[in-house]
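Per-entry structural report
Each chain, written out:
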Amino acid sequence: MATLNTSLKSRRSGPLLVGLAIVLATLLAIFGIFRLVGAQRDFELDRWQARLAATTQSMGEAARGWLETRQAALDAAAANPTVQIYLSELALAGFDAGQIMANETKRGFVDSYIAALARRAPFDDGSGVALVAGNHALVTSSEGFVPGLANFKPIMAAGGGVAMGVTMSDENGQAVMRMAAPVAAMMPGAAAAGFVLVRAPMDDALLAQLKARNGFASGFALLDVEANRISMLDPQGWRVLTPATMGDADLMAAARKPGRLVTGDEFLLLAAPVTGTSWVTVSMIDRETALGGVQERLQGLLLSLLFALLAVIAVVLAAFAINRVSEEAKAKERKAQFYWGLTDLLLDAIDQRDPGAAAHSRRVSALSADLMRARAAKPDETETAEIAGALLNVGKLFVPSNVLTKSGALDPEERGQFSSGSEKWLDLLSKVPFDLPISDVLAEAHGLMQGRLALDETRFQAARAIVVANGYIALVSPRTYRDPKSAGEAIALLVNSRGMDAQIISTLTTMQAGQ
C-alpha cells in the first residue's frame, strides 16, 4: 500500500516539477536577455548623449556667435565719439528737448548715423536701431524700429555695469531679440549718458544657422528659460509656453536641466546653455531611430527564446494533455453515472408510491433534451434539461400515497400538499453540489407551473423546456379518469396554459410534424 501511495504522489508531482523547471529556466533566460539588452541600451544611450551634446554645443556656439556679432556692432555704435558727446551734452542740459533740436549739425549726424547703422550688416536683416537718452527718452531711430520702449526698460534698468541685456519675445508674430548697449558719459563718474538699442528678428537668419549645425538630429529648438514661462523658437516658429500650455514635459525637463539626457516616449533630448544668456539649445533624436536596433535585438532574442520554450512546452504538454483528457473524460463519465444513478434511485422510489411516475419522468427527461437540441442549445444546457426533467416530479416522495393515486380532481388542501412536497424536494436538492445548475432550473420550472413566476422572470431556457415537456407528456399519456390526448390536441391545450413558452411550443409543434 505504501508503494502504491508513493507511486500516486510521484505521478501527481511529476507535472508540477516539470512545470516549475520550465518556469525557472524561462525566468533565468529572460533575466539574462534583459541584462544583455540593458547593457546594450546603456551603451547606445551613452553614445547618443555624446552626439547630442556635441550637436547642442555646436548650436549654442552658433547662437552665441549670432549674438556676439550684433553685440560687437552695437558696442562700436555706443563708443562712437559723436554719439557720446551728443548724449553727454544732452545730459548736462537736463535733457531739455529745445536744446536737443538747437544743435542741428550734431543731431543731423546722429540721425544719419543710426539710419546708416540699420542698413549695414549685421543689422540689415530687418533689425531696428534706436538711440535713447539717459532719461530713457527716444532721441532717434531707424525705420525698422517698432515704436515703444517698454520692453527695453528692464534691460536699460540693468545697464549699470551690464554691457548687454537680451530678451526673446513676440512682436507681430515673430521672434525678436532685444539688446541695449550703454553709451558712456564724457563726464568722469557719471551714469550712462544713454543707450543704443537694437530690435533684431530671429526667425530666418538664426534658424538657418541652428539648422546647419543640427546635422543628424530629428529636431532642435532654442529656448529662453524664465521663471514662469519658456519662450521657444523652432522650425515651426516662435511661441511662449506657460505651465498651463507647456504640454511637452520631456522638452521642458531637458530645458530645465541642461546637460542631462532625457529619455522621452518619442525622443531622446539634451540641452546645452548658450553662454552669457538665459537661452538653451535643445537637440533631439527620434527614439525609434536611436534605440530601434536595441529593441529589435531584444525582440529577436525573446522570439528565439519563445520558440525554444514552445518546442519544449509542446512536447511536455502533449504528454500531459493526453493523460489529462483521459482523466477528465473518466471524471465526467463518473459524474454522469452518479447523477443518473441517483436519478434512477429516486425514480424507482417514486414508482413504488405512484406506479407509472418513473416512466413519465423519463419521457419528460427525453423530450426536454430533444427540445433543447432542436433549439441549438449548448451541450451543458441540454444535459441540465435532461437531468432536471427526470427529477421534476421527485417531490411526490413527500406527498401522501392516497393523494398521489387519487383519480378525481384535487381539492385546495391536496394541491397544497403537492406544493409543499415540491418545496421540500427543492430545498434538499439545493444542498447537492451539482456542477450544473439543476436545482436553479427546477426551482424556475416549479415557479412557472405554480404561477409564482412569469416567463420573463426566468433565466433558464431549460426550465421553460421542462415545463412544456411535462405538460405535453401528461396530456398524451392515458389516465384512469381520461383517455390520452392526440399530439395536436395536447399542443392546442398547452398554448392556452399558463407558464408555457410559445417559442418552445412552436419547436415542439415542428418536431411532432416531422415524425
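Computed from a predicted structure; not experimentally measured.

1. Side note on the pairing of strand β6 (residues 219–225)
- The buried fraction of β6 is high, at 6 of 7 residues.
- Sheet analysis places β6 next to strand β11 (residues 279–286), joined by 6 bridges and oriented antiparallel. By the bridge assignment for β11, L222 is matched with T281.
- Sheet analysis places β6 next to strand β7 (residues 230–234), joined by 4 bridges and oriented antiparallel. The partner of V225 across the bridge, within β7, is I230.

2. Some details on the pattern of salt bridges
- A full pass over the atoms with the stated rule returns 7 salt bridges.
- A salt bridge links R47 to E44; its shortest N-O distance comes to 2.9 Å. Here the residue R47 and the residue E44 both occupy positions in helix α1 (residues 2–78), the gap between them amounting to 3 residues, near one helical turn.
- Judged by relative accessible area, R47 falls into the partly exposed class, the value being 36%.
- When the shortest N-O distance is used, the salt bridge between R70 and D125 registers 3.2 Å.

3. Let's talk about the packing of helix α9 (residues 357–374) against helix α10 (residues 379–391)
- It is the contact of α9 with α10, at a shortest axis distance of 7 Å, that shows an interaxial angle of 160°. As judged from the angle between their axes, α9 and α10 are roughly antiparallel. Classified by chirality, the crossing of α10 by α9 is right-handed. The residues of α10 that touch α9, namely those facing S361, V364, S365, S368, A369, M372 and R373, are E381, T382, A385, E386, G389 and A390.
- Residue composition of the contact of α9 with α10, by class: 5 nonpolar, 5 polar and 3 charged.

4. So, the pairing of strand β2 (residues 138–141)
- The pairing of strand β1 (residues 128–133) with β2 spans 3 bridges and is antiparallel. Note on β2: the bridge partner recorded for A130 is S141.
- The turn linking β1 back onto β2 is made up of 4 residues, and H136 within it adopts a positive phi angle of 70°.

5. As for the packing of aromatic side chains
- Applying the stated criterion across every chain yields a total of 2 aromatic pairs.
- One cation-aromatic arrangement involves R178 over F152; the distance from NZ or CZ to the ring centre is 5.9 Å.

6. Here we look at the nonpolar core
- Among the nonpolar cores identified, the biggest contains 43 residues, and L391, I438, L442 and Y472 are the most heavily contacted of them.
- Contributing elements (two or more residues each) for this core: α8 (287–353), α9, α10, α12 (412–429), α13 (438–449), α14 (461–476), α15 (487–495) and α16 (502–513).
- Residue contributions to this core peak at 11 residues, all from α14.
- Among the nonpolar cores identified, the runner-up in size contains 42 residues, and A78, A193, L207 and V274 belong to it.

Calculation rules
Residues numbered from 1 in each chain as written. Predicted model: local features only at pLDDT ≥ 70, side-chain atom pairs only at ≥ 80, totals over all residues. Heavy atoms only, no water. Buried < 20%, exposed > 50% of the residue type's maximum accessible area, 1.4 Å probe, protein only. Helix = DSSP H or I, 4+ residues; strand = E, 2+ residues; numbered from the N terminus. Pairing = 2+ DSSP bridges. Salt bridge = Lys/Arg side-chain N within 4 Å of Asp/Glu carboxyl O. Axes fitted to C-alpha atoms, helices over the stretch in contact; angles between N-to-C directions. Parallel < 35°, antiparallel > 145°, perpendicular 65-115°, else oblique. Left-handed = near helix turned anticlockwise from the far one by under 90°. Contact = heavy atoms within 4.5 Å. Nonpolar A, V, L, I, M, F, W, Y, C, P; charged D, E, K, R; others polar. Phe/Tyr/Trp six-rings, centres within 6.5 Å; stacked < 30°, edge-to-face > 60°. Lys NZ or Arg CZ within 6 Å of the ring centre and 35° of its normal. Core = buried A, V, L, I, M, F, W, Y, C linked by side-chain atoms within 4.5 Å.

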